[in-house]
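Residue-level listing of the chains:
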Amino acid sequence: MASSVESSSSAQQAMPVAEFIEDIPAFMTGKNVDKVLNELNEKYKALKLLEQQMMQRKARLMTKLPEIQKALDMVLKLIDGQGMEMTLDFELCPSVYSKAKISDVKSVNLWLGAGVMVEYELEEAKELLETNLATCKANLNTAHADLAFLQEGATTTEVSIARIYNYDVERRRLLKESGQAESS
Amino acid sequence: MQAKIDKMEVTFEDQQRINTFSRTNNKVHDLEAQIKAKKKFLEDLEDAGNELMLSDEEVVRFALGDCFLHFEKDQAEERLQTTTDESQADVKKIEAEISDLKDQLKELKVLLYAKFKDSINLEE
């Protein structure tokens, strides 16, 4: 349940940066076209892989969020119902429910993961869950931002590949024509 | 005679526009998925409300987390109404956001198609 907030800047620093090429002919002088295209393709594949991983991370966080919310709702209801008796049906095992009468609830047990469950007083439990919910939302936002950054990098690299390819086609065409002009 | 090929220069501004278009398009898809889920939830809530009105039982089991709390019929109706109102407010907010983003996409499309015509594909 406890998770750490990753700073988006450090995560983004670890990623390959896709730079925008301002002037293609200037960039390409003295460089071998195929080699450059290969490098860019490699970069593109790396970015796509990172993008996939980020999407998986985002999906995991999105499933965690409702779970934390459910636990928080329950704790809030217990705090509300202090001093009153509540009857509820709880899940004994899948598809089997059992009736329980709860009164004077002072503490709850929270599942922290890795086979560990800790007893908390109601107020402490509420604070812990609220913190976890906030952390989860923050991590989700970070994952979102990182994903956007990666997708931009991938798009920029795609455009660069297209432009260099077009530049090369144009260059070969000009070479061919000037070659023909010389020989004629 | 030399055939003139349109040399398409891509400026930094164009790249930014393309990136923004891609980002905004993804966000719209995300939000549309969210809205679909929320609308389904609203439908379920409505069905539950109808069932509640038809039923004669005094004790209603209301889902909270993984358990079902026992409520009296009136309390359950109230709770259901609150949840429905909240969800409807959420849906309206997301719909407004989608509408804004779609306008942005339209603008970007006009600009990018004007410059790149057939060399760019901006459809879903």
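Residues numbered from 1 in each chain as written. Chains lettered and ligands numbered in written order. Predicted model: local features only at pLDDT ≥ 70, side-chain atom pairs only at ≥ 80, totals over all residues. Heavy atoms only, no water.

- The name given to chain B in an unreviewed UniProt entry is Prefoldin subunit 4, with the source organism recorded as Chlamydomonas eustigma.
- As its UniProt record puts it under Sequence similarities (unreviewed entry), chain B is described as follows: "Belongs to the prefoldin subunit beta family."
- In UniProt, chain B has this text filed under Subunit (unreviewed entry): "Heterohexamer of two PFD-alpha type and four PFD-beta type subunits." (UniProt positions renumbered as here; feature names shortened; annotations may be inferred.)

- In the annotation of an unreviewed UniProt entry, chain A is listed under the name Prefoldin subunit 3 and assigned to Chlamydomonas eustigma.
- Taken from UniProt, the Sequence similarities (unreviewed entry) comment for chain A reads in full: "Belongs to the prefoldin subunit alpha family."
- Per UniProt, chain A has the following entry under Function (unreviewed entry): "Binds specifically to cytosolic chaperonin (c-CPN) and transfers target proteins to it. Binds to nascent polypeptide chain and promotes folding in an environment in which there are many competing pathways for nonnative proteins."

1. A closer look at the pattern of salt bridges
Turning to step 1, where the next piece is worked out: A full pass over the atoms with the stated rule returns 17 salt bridges over all chains.
Turning to step 2, where the next piece is worked out: It is possible to trace a salt-bridge network through shared partners that takes in Glu13, Asp14, Arg17 and Lys115 of chain B. (Salt bridge = Lys/Arg side-chain N within 4 Å of Asp/Glu carboxyl O.)

2. Quick word on the UniProt feature "coiled-coil region" (unreviewed entry) in chain B
Turning to step 1, where the next piece is worked out: The feature "coiled-coil region" (unreviewed entry), as annotated in UniProt, sits at residues 77–111 of chain B in this numbering.
Turning to step 2, where the next piece is worked out: Annotation note: span residues 77–111 of chain B, helix share 100%, strand share 0%, distance between end C-alpha atoms 52 Å. (Helix = DSSP H or I, 4+ residues; strand = E, 2+ residues; numbered from the N terminus.)

3. Describing the pairing of strand E1 (residues 85–93) of chain A
Turning to step 1, where the next piece is worked out: Strand direction decides the pairing type here: E1 of chain A and strand E2 (residues 96–103) of chain A, joined by eight bridges, are antiparallel. When the bridges of E2 of chain A are listed, Cys93 of chain A appears paired with Val96 of chain A.
Turning to step 2, where the next piece is worked out: Linkage of E1 of chain A to E2 of chain A, two consecutive antiparallel strands, is achieved through a turn of two residues, within which Ser95 of chain A is found at a positive phi near 70 degrees.
Turning to step 3, where the next piece is worked out: Inspection of the sheet shows E1 of chain A paired to strand E2 (residues 67–72) of chain B by two bridges, in the antiparallel sense. Bridge pairing in E2 of chain B places Leu88 of chain A opposite Leu69 of chain B. (Pairing = 2+ DSSP bridges.)

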